[in-house]
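What the coordinates show
Each chain, written out:
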Amino acid sequence: MAEVARREAPVPVQDRGSAPDPAPQTPARLEGAARLGGAARLNLWVLPPVAVLALVFLYPLALVVQQSLSPENGGGAFDAYASVFASQSFREALGTTVWLAVGATVGCLVLGFVLALVIAFVPFPGARAVAKFIDVFLSFPSFLVTLALLFVYGTVGMANGAWTGLTGAAEGPFHFLTTPWGVLLAEITYFTPFVMRPLLAAFSQLETAQLEVAAGLGARPARIVRQVILPEALPALAAGGSLVLVMCLNEFGIVLFTGAKDVTTLPMLIYGKAILESDYAAACVVAVVNIAISVGLFGLYRVVSKRAGA
């Protein structure tokens, strides 16, 4: 019996002053540690693209702002801003840019809404192909549309050529492409699909039962459009219009290729100050103003798009 008692000796009790046993690794703690490790690895992967973005975009932008605040010919930090804001050319360019952008946006909204209505609700052969072509058209550069308009309505375009051939006149009557109205027409032609695309997406989600019920109750097509379709299309119209407004404010190729010498927008003023006059401080000031307006409107576009679900 004594030998059995020695073999079954009791387990020694841990002293109170010694260190406690480590807490057991529960599944929740293991999952939390794994998440922390994954977040750390994700942060490491994010650093390279952020560094590239800062080097390629933010650093040149900072140089533009710095150049606008420290002109080469000396003077105070805001002397270049005061000089540019006081100039007549800047005020005219700002006014021209705003009214062209607003006018083109309104034209795109009206024309895009009508064309999207026809494609979505008026059955005709090739409607699906037209809708697909709109997606392709969004990838075209803006100067291609301007060149096409020049071939048709330019000084030596087809319209003027047909006129001179029929009447024997020395020149044709179509010279509006070199005016602000020509720029406006080119911008509406190019940017209308940017309004039609979200509208077609919104119309595809509209239940046809609502239209059938409204038509069954005797509502005319105009009333159906006004009371049924238009309320559903307002978020898409707001998102598309905001995007068009931002792009029209920064449009350079259309104004340049139309050859409208009397039409000076903010991008054209930047080009003239930097390339033609070598006044880099003034060009940077105009660029900063243009960037501030564009970023503000882009923020508005993002808010509207988020609310519209675009």
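For the structure itself, look to the data block above.
Anyway, here's the lowdown on the structure attached to this text. Since the structure is predicted, the reported quantities are computational estimates derived from the model, not experimental observations.

Some words on the state of the cysteines
Following the criterion strictly, the structure yields zero disulfides and no others. As a non-bridged cysteine, Cys108 has Cys248 as the owner of its nearest cysteine sulfur, 5.8 Å distant. When its relative accessible area of 4% is taken as the criterion, Cys248 is described as buried.

Examining the packing of helix 8 (residues 180-204) against helix 10 (residues 221-249)
The geometry of helix 8 relative to helix 10 is characterised by a closest axis approach of 8 Å and an angle of 145° between their N-to-C directions. Where helix 8 crosses over helix 10, the handedness of that crossing is right-handed. On helix 10, the residues touching Glu187, Phe191, Phe194, Val195, Pro198, Leu199, Ala202 and Phe203 of helix 8 are Ile229, Glu232, Ala233, Ala236, Leu237, Gly240, Gly241, Leu243, Val244, Met247 and Cys248.

Here's the deal with the nonpolar core
Formed by 45 residues in total, the largest nonpolar core has its most connected members in Phe191, Leu199 and Phe203. Secondary-structure elements contributing two or more residues to this core are helix 4 (88-121), helix 5 (127-137), helix 6 (142-153), helix 8, helix 9 (208-216), helix 10 and helix 11 (253-258). Core analysis: the second largest hydrophobic core is formed by 13 residues, Tyr81, Ala281, Ala282 and Val285 among them.

Some words on unusual backbone geometry
Although it is not a glycine, Ser278 adopts a positive phi angle of roughly 55°. Inspection of the secondary structure puts Ser278 in the loop between helix 12 (266-276) and helix 13 (280-308).

Here's the deal with the environment of Val110
With respect to the element layout, Val110 can be found in helix 4. When its relative accessible area of 52% is taken as the criterion, Val110 is described as exposed. Sequence separation of Val110 and Thr192 is 82 residues, and the distance between their C-alpha atoms is 8.9 Å.

Notes on the pattern of salt bridges
When their charged atoms lie close together, side chains carrying opposite charge are able to pair. Scanning the model with the defined rule gives one salt bridge in all. In this structure, Lys273 and Glu277 form a salt bridge, with 3.5 Å as the shortest nitrogen-oxygen distance.

Topic: the side chain of Thr192
Relative to the helices and strands, Thr192 is located in helix 8. Residue Thr192 is classed as buried on the basis of its relative accessible area, which comes to 3%. The contacts of Thr192, once residues within four sequence positions are left out, are Cys108, Leu111, Gly112 and Leu115.

Structural notes on a nonpolar patch on the surface
Nonpolar side chains collect at one region of the surface, where Val98, Val102, Val106, Val110, Val114, Val118, Val122, Phe124 and Val130 lie side by side and expose about 650 Å² of accessible area between them. Ranked by residue count, the leading element in the nonpolar patch is helix 4, at six residues. One can find Val122 in the loop between helix 4 and helix 5. Overall, Val122 belongs to the partly exposed group, its relative accessible area being 41%.

A few points about helix 8
In this model, helix 8 (25 residues) spans 36 Å end to end at C-alpha, consistent with the 36 Å of a helix rising 1.5 Å per residue. Taking the largest bend as the criterion, helix 8 deviates by roughly 35°, centred on Phe191, and proline Pro193 comes between one and four positions later.

Things to note about the packing of aromatic side chains
For the structure on display, the rule yields 16 aromatic pairs. With centroids separated by 5.8 Å and ring planes inclined at 55°, the aromatic side chains of Tyr190 and Phe194 adopt a geometry described as tilted. Remark: Phe194 and Tyr190 occur in helix 8; sequence separation between them is four residues, near one turn of the helix. Across the pair, Phe194 and Tyr190 agree in class, each one buried. Among the aromatic residues, those joined into a cluster by ring pairs are Phe133, Phe137, Phe140, Tyr190, Phe191 and Phe194.

Rules of the game
Residues numbered from 1 in each chain as written. Predicted model: local features only at pLDDT ≥ 70, side-chain atom pairs only at ≥ 80, totals over all residues. Heavy atoms only, no water. Disulfide = S-S within 2.5 Å. Buried < 20%, exposed > 50% of the residue type's maximum accessible area, 1.4 Å probe, protein only. Axes fitted to C-alpha atoms, helices over the stretch in contact; angles between N-to-C directions. Helix = DSSP H or I, 4+ residues; strand = E, 2+ residues; numbered from the N terminus. Left-handed = near helix turned anticlockwise from the far one by under 90°. Contact = heavy atoms within 4.5 Å. Core = buried A, V, L, I, M, F, W, Y, C linked by side-chain atoms within 4.5 Å. Salt bridge = Lys/Arg side-chain N within 4 Å of Asp/Glu carboxyl O. Patch = residues over 30% accessible without salt bridge, like charges linked within 9 Å, V, L, I, M, F, W, Y side chains within 5 Å. Areas by Shrake-Rupley, 256 points an atom, 1.4 Å probe, with all protein chains shown as cover. Expected span 1.5 Å × (residues − 1). Bend = angle between axes of the 7 residues up to and from the residue. Phe/Tyr/Trp six-rings, centres within 6.5 Å; stacked < 30°, edge-to-face > 60°.

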